[in-house]
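Chain by chain, the residues:
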Amino acid sequence: MKSEKLIVGNMKMNLSATEISEYLKKFQFDDPQDQVVICPSAVYIPYFLKQPYKVGIQNVFFRDKGAYTGEISVSQVASLGIEYVIVGHSERRIYFKESDQDINKKVISALKYGFTVILCIGETAEEKGLLKTARVLKRQLLNCLRNVDTHYFSKIIIAYEPVWAIGSDVTPTLMEIEETIQYIKGIVLQYFGHEDIRVMYGGSVNSKNIEELNQISNVSGFLVGGASIRAEEFLKIIEVTVKK
Ligand code: PGA
């Protein structure tokens, strides 16, 4: 049976226009790949439209339009036919000081425009060291999902991304990931009444560890950063997780 997992490539702020055109030549499929989402730098999105996979954006602003120099609104992204948006990535939280409250506004506005929202949460190394992981994840979930109507929950995917695992070549153990996903599902059920929210894992996913990570029983997919900017590497990850 074909797996229903979603594989999302977060290219972050990488690659030149020339490198993107090389990437596009290599990143090819014979059949449509509805479970593959690629999130390039926003300037390159037009090159990725009409490809046999989905496109997402790495960030959006919650207002519809107006004098917000440099920002991109959900309505603008929706007008391109894009279906996925990443919200609350730890790099947005850390470098651009996005708060749970800012992220909550983005979640609500993106859902209103019909997006599937990939909401990133995760603890830092320091929080993990202080045994605060559960508390941090709960706080992020409750704040970022505040006032979200429960009928939208099927359009939300939580990406559990421990900050210390991002770009570090270190991942939690399979059991740690499985237990944390279970914990996240439990919080969403307890506080929002939504059963079985989809939870992905992200943080140093690559072609070497994907076979192993793919064994996690309750994971709904993977958010791939560094490994997604190398087409061959990303194709291997997709081969293991999505294709039969
Ligand atoms: P990484 O990044 O795969 O390079 O660790 C993941 C992410 O930041 O989403």
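See the structure shown above.
Computed from a predicted model, the values in this text were never measured in an experiment.

Visitor: Can you lay out the sheet that holds strand S3 (residues 53-57) for me, pointing to particular residues and giving the numbers?
Guide: The sheet built from 8 strands closes into a barrel, its strands ordered S1-S2-S3-S4-S5-S6-S7-S8 with parallel pairing. Taking each pair of neighbouring strands and ignoring which way they run, the sheet shows an average axis angle of 25°. In the sheet, strand S1 (residues 6-10) pairs with strand S8 (residues 221-224) via 4 bridges, with the strands oriented parallel. If you follow Ile7 over to S8, its bridge partner there is Phe222. Seen against the sheet, helix H10 (residues 231-241) touches S1, strand S2 (33-39) and S8 and runs at an angle of roughly 165° to S1.

Visitor: Help me get a handle on unusual backbone geometry, residues and values and all.
Guide: Phi is positive for Lys12, close to 55°, though the residue is something other than glycine. With respect to the element layout, Lys12 can be found in the loop between S1 and helix H1 (17-26). Residue Lys12 is classed as buried on the basis of its relative accessible area of 19%. If you check the backbone angles, Lys97 has positive phi at about 55° while not being a glycine. Within the secondary structure, Lys97 sits in the loop between helix H4 (90-95) and helix H5 (100-112). Residue class for Lys97 comes out exposed when judged on its relative accessible area of 65%.

Visitor: Which residues make up H1, and what values go with them?
Guide: When we look at burial in H1, the residues that qualify are Ile20, Tyr23 and Leu24. Viewed along the axis of H1, the buried residues span an arc of 100°, placing them on a single side of the element. For H1, the exposed residues lying more than 90 degrees away from the buried face are Thr18 and Lys25. Buried residues along H1 sit in contact with S2, helix H2 (45-48), S3 and H10.

What counts and what doesn't
- Residues numbered from 1 in each chain as written.
- Predicted model: local features only at pLDDT ≥ 70, side-chain atom pairs only at ≥ 80, totals over all residues.
- Heavy atoms only, no water.
- Pairing = 2+ DSSP bridges.
- Helix = DSSP H or I, 4+ residues; strand = E, 2+ residues; numbered from the N terminus.
- Axes fitted to C-alpha atoms, helices over the stretch in contact; angles between N-to-C directions.
- Contact = heavy atoms within 4.5 Å.
- Buried < 20%, exposed > 50% of the residue type's maximum accessible area, 1.4 Å probe, protein only.
- Arc of directions from axis to C-beta.

Note that every value here comes from positions in space, so none of it alone points to a role or purpose.
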